[in-house]
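# Per-entry structural report
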Amino acid sequence: MNKKRIKIIDSIFPLIGLLITLLGLAVLAALLVDAFLDGHKRLNLSFFTSYPSRKPDQAGILSAWVGTVWIMCTTAMIAVPFGVAAGIYLEEYARKNKLTDFIEINIANLAGVPSVIYGILGLGIFVRMMHLERSVLSGGLILALLVLPIIILATREALRSVPSSIRAASYALGATKWQTIRFQVLPAAKSQIFTGIILAMSRAIGETAPLIVLGALTYIPFLPTHPVTLSEKFPFLHVSFQGFLDPFTVLPIQIFNWVSRPQKGFLADAAAGIIVLLVITFVMNGVAVYLRYKSQKKLS
Amino acid sequence: MNIKFLINLKETLIEKVLLGCGLLTVLTTVGIIYVLFSESIGFFKEVSLIRFLTDTQWTPLFTQKHYGILPLMGGTFLTTVIALGVAVPAGLISAVYLSEYASSKTRQIVKPILEVLAAVPTVVYGYFALIFVTPLLKNIIPGISSFNALSAGLVMGVMIIPLVSSLSEDAMRAVPFSLREGAYALGSRKIQVAWRIVLPAAFSGIMAAVVLAISRAIGETMIVAIAAGQQPSLTLNPLVPIETVTAYIVQISLGDTPHGTLEYKTIFVCGMTLFIFTFLLNMVCFMLKKRFSEIYE
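Rules of the game
- Each chain has its residues counted from 1, running along the sequence as written.
- Chains and ligands are labelled sequentially in the order written, the chains with letters from A and the ligands with numbers from 1.
- Local features in this predicted model are restricted to residues whose pLDDT is 70 or higher, and side-chain atom pairs enter the listing and the counts only when it is 80 or higher, whereas totals over whole chains, interfaces and linings include all residues.
- By convention in this description, side-chain values take in all heavy atoms of the structure and omit both hydrogens and water.
- What counts as a helix is a DSSP run of H or I of at least four residues, what counts as a strand is a run of E of at least two, and both are numbered from the N terminus.
- The rule is simple: take the accessible area with a 1.4 Å probe, protein chains only, and divide by the maximum for that residue type; under 20% is buried, over 50% is exposed, in between is partly exposed.
- Contacts are assigned to residue pairs with any non-hydrogen atoms lying within 4.5 Å of each other.
- Buried area, as used here, totals the accessible surface that two parts lose on assembly, with accessibility defined by a 1.4 Å probe and the loss added over both.
- Any carboxyl oxygen of Asp or Glu that lies within 4 Å of a side-chain nitrogen of Lys or Arg is treated as forming a salt bridge with it.
- A 3.5 Å cut-off defines polar contacts: any pair of N or O atoms within that distance qualifies, except that in protein one atom must be a possible hydrogen donor and the other a possible acceptor, and neighbouring residues in sequence count only when both atoms are side-chain atoms.
- Side-chain classes are defined by residue name, with Ala, Val, Leu, Ile, Met, Phe, Trp, Tyr, Cys and Pro counting as nonpolar, Asp, Glu, Lys and Arg as charged, and the others, Gly among them, as polar.
- Remark: nonpolar core denotes a set of buried residues (Ala, Val, Leu, Ile, Met, Phe, Trp, Tyr, Cys) joined through side-chain atoms within 4.5 Å.
- An automatic or database domain assignment supplies the residue ranges for each domain.
- Orientation is described by lines fitted to C-alpha atoms, with helices fitted over the stretch in contact, and by angles between N-to-C directions that extend from 0 to 180 degrees.
- Oblique is the label for any angle not under 35 degrees, not over 145, and not in the 65 to 115 range, which are roughly parallel, roughly antiparallel and roughly perpendicular in turn.
- Crossings are classed by handedness, with left-handed meaning an anticlockwise turn of the near helix from the far one by less than a right angle and right-handed meaning a clockwise turn.
- To count toward a patch, a residue needs a relative accessible area above 30% and no salt bridge. Like charges then connect within 9 Å, nonpolar side chains (Val, Leu, Ile, Met, Phe, Trp, Tyr) within 5 Å.
- Per-residue accessibility takes into account occlusion by the displayed protein chains alone, with areas from the Shrake-Rupley method and a 1.4 Å probe.

The next subject is the overall build of chain A. A tally of regular secondary structure across chain A gives 11 helices and 2 strands. Secondary structure elements of chain A occur, N-terminal to C-terminal, as α-α-α-α-α-α-α-α-α-β-β-α-α. Counting only C-alpha atoms and orienting by the principal axes, one finds that chain A spans roughly 75 × 65 × 35 Å. Looking at the 300 residues of chain A, the share that counts as buried comes to 51%. Considering only contacts within chain A whose residues lie at least 6 apart along the sequence, 74% involve residues at least 24 apart.

Now the structure itself:
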C-alpha cells in the first residue's frame, strides 16, 4: 500500500465504522416501523381481553399475557434466590480449588447452551420423570434454570464492585462473615444485583423455543386457576396453588402461532403481539440501563 | 452449649446452603447430559450410528423413513455461515471504531443501543425475516423462495453483531497503550495501529468472540424455524427452503408425537448433536478468553 491510499483510508475509516455501527440501529428501526405499521390497528382494549380465536379480528392475547405473568413470577421465585445465593458463595466463600474451578467452567458453559436444549431437559425431567406435565411450574423451572447463569454472573460482578474496606470495617467491629455479607455487602450491591435480575427476566420473557419443546400448547382459551379467590366463609379468601399445575401459553408462543398461520389477518395479530412484547422488553432494559447508570454515578 | 458454638454452627450451615445453590448448576448439566444420552441410546438401538452419520436424507415423519443427520447439519451450517458473514466483519469494524476512534461520549450512547439489538426476542427477528427481509430480497433476487436460508441467516447475523463487537472491543481495550504508542512513534497512522497492532494483539480475545458467535448461530432456533423452512435438504443454495437441527426440534415438538416412539427420540438425538457442537465451541471460547486475560497481566 502506498502512503496516499493509507492516508485516504485513515481519514474515511471513522465514517465507515460509524455507519456499520449504526447499521444495527437501522435494522432495529426498520423492525419497529414494520411491526407498528402491520399491527397498530389491532391494538385496542379487546385485544388484551380476548382469548385466541379462529377469526383473526376477534383474536386476542388474554391467555398469553396472563400466562407470561404467571411464568415470569414462577421463574423469578426460583431463579432469584438460587442465583443470588450461588453468586454469594462463589464470590465470598469459595476457595480457589478444583471444585470451584469446575463450578465456574460449568456456569460459563451453561450460559452458552442453546435455549432449545433446556426445553429438552424440561421434557425429560419435569414432564416425564416428575410428572409435572406441561404446566406453569414446568415452564417456570425451565426458564429459571436458563437464566440462572445470568443472575449468578451479575451477582458476582456486583459483589466484586463492593470495596473491601467495607468488609474490613465490619469484621473490625466483630461481625461474623454472614453478618458482614447480610448487613453490609448485600445492601451495597443491591441495585447492581437488581439490574442483573431485570436483564435476566427480560431475556426469559422473550424465550419461545424451550417452552415449545416442553409442549406448551398454543391454543389456550382459559386462564390458570386464580391464586386468590373470594369466598363466602371465613377467612373470606381462598388461596389455591392449582394455577401452577395448569397448562399455559405465553406471548412469544402466541406470536409464533400467529406467524405460522397462512391467513393474512393473523399477521396483524402477530405484529400487535410483537409491539406488546417489545414494549415490555424495552421498558425492562431501559430500567436496567438507568439503574446501572445511577449506581455507577454513586460509586464514582 | 455456648453462644459462640451456635454462631459458628449457623455460619457453617449458611455456607453449606449457599454451596448447595452453586451445585444446582452442576446438577443442571448432569440433567442435560443424562436426558440427552439416555434417550439417544434408545434411538441408536434402532438406527445405527453409521446410518445416522452417512444417510443423506432425513425423513422421520414420512412412510419412507430415513434418519441421516447430514441434511439438518447442512441447514445449520448454511445459516451459520451466512450469519457469520454478516456478524464478523460488521462486528469487528464496529469494535475497532468503538475502541480506537469513538469518543467516550459516543461510546456511552452507542453501546446501550447495540445491547438493545441483543435483547429483542428471537421470535420477533423471525417475524422480521419472514415478513420484511424476504419480500425485500424478492425484489433483488426474483427466484428466491418464501422460506430460505439467506433471509434467516442475514437477520441472525444482525442479531449477533453486538455479541461480536462488544467482546472484541473488550479484548482490544485490554491491549496496553504502550504498544500503540510504540507504533505511533514509528510513524504509523491510526488505521495501521488499529489493524496491524491492536487487532493482532487482541487476537485470542477476538477469536473467542467469533467462536461464541458460531455457537450462538448454531443454537439459534426461532428465526430459522419461522423463516428458513421445514424441508431438510442437503444443499448449499441459500435461496431454497432448508431445515436446521434446531428448527426440526421445534417442528416435531409442535406435533403430537407419542412418548417412546422413534420419532419422539429424534428430538433427543438432535438435541445431543446440538449440545456436543455447542459444548466444544464453548470450551474453546472459555480457553481462548482465559488466555487473553492472562497475556497482559
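A separate point is the interface of chain B and chain A. Where interface size is given, it is often the accessible area lost as the parts come together that is meant. Between chain B and chain A, the contact holds 73 residues from the first and 75 residues from the second. Of the roughly 6800 Å² buried where chain B meets chain A, counting both sides, 80% is carbon and sulfur surface. On the surface where chain B and chain A come into contact, there are 3 salt bridges. Residues E15 of chain B and R95 of chain A are paired through a salt bridge, measuring 3.6 Å at the closest nitrogen-oxygen approach. In this assembly, chain B and chain A are joined by 10 residue pairs in polar contact (both at pLDDT 80 or more). Of the residues forming the side of chain B that touches chain A, the biggest block, 20 residues, is contributed by helix α1 (residues 3–46) of chain B. In terms of residue class, the side of chain B that touches chain A is built from 50 nonpolar, 16 polar and 7 charged.

Residues and elements named next belong to chain B. Counting residues in each nonpolar core, the largest one holds 193 residues, and the members touching the most others are I160 and M172. In terms of residue count, helix α3 (residues 70–101) provides more of this core than any other element does, 16 residues in total. Domain assignment of the residues forming this core places at least three in each of domain 1 (3–46) and domain 2 (70–295). With residues near it in sequence (within four places) discarded, M172 still touches L92, A95, V96, S99, E100, R180, V198, L199, A202 and I206.

One can find N282 of chain B in helix α12 (residues 262–295). In this structure N282 of chain B comes out as buried when scored by relative accessible area, which is 5%. Here S215 of chain B takes part through its side chain, which lies 3.1 Å from a polar atom of the side chain of N282 of chain B. Dropping the residues within four chain positions of it, N282 of chain B is found in contact with N109, G112 and V113 of chain A together with L212 and S215 of chain B.

On to the domain arrangement of chain B. All names here are of chain B. What the domain assignment reports for chain B is domain 1 (3–46) and domain 2 (70–295). Put simply, the middle of domain 1 and the middle of domain 2, counted by C-alpha atoms, are 32 Å apart. The interface is formed by 11 residues belonging to domain 1 together with 10 residues belonging to domain 2. In total, domain 1 and domain 2 occlude about 1000 Å² of area from one another, counting both sides; carbon and sulfur atoms represent 82% of this. Among the residues domain 1 hides against domain 2, the three largest losses belong to L36, E39 and F43. Together they make up 50% of the total. On inspection of domain 1 and its partner domain 2, the count reaches 1 salt bridge. Our enumeration of links across domain 1 and domain 2 arrives at 0 residue pairs in polar contact (both at pLDDT 80 or more).

What follows deals with the packing of helix α4 (residues 98–112) of chain A against α1 of chain B. In the contact formed by α4 of chain A and α1 of chain B, the axes pass within 10 Å of each other and the chain directions differ by 55°. Comparing their axes, α1 of chain B and α4 of chain A come out oblique. For the pair α4 of chain A and α1 of chain B, the sense of crossing is left-handed. Here L99, F102, I103, N106, I107 and L110 of chain A of α4 of chain A lie close against α1 of chain B, whose contacting residues are L19, G22, L23, T25, V26, T28, T29 and I32 of chain B. Split by residue class, the contact of α4 of chain A with α1 of chain B holds 9 nonpolar, 5 polar and no charged.

All names here are of chain B. On the surface, a cluster of nonpolar side chains totalling about 400 Å² of accessible area is made up of I33, F37, I276, F279 and L280. Those elements that provide at least two residues to the nonpolar patch are α1 and α12. By the secondary structure assignment, F37 is in helix α1. You can call F37 partly exposed: its relative accessible area is 35%.

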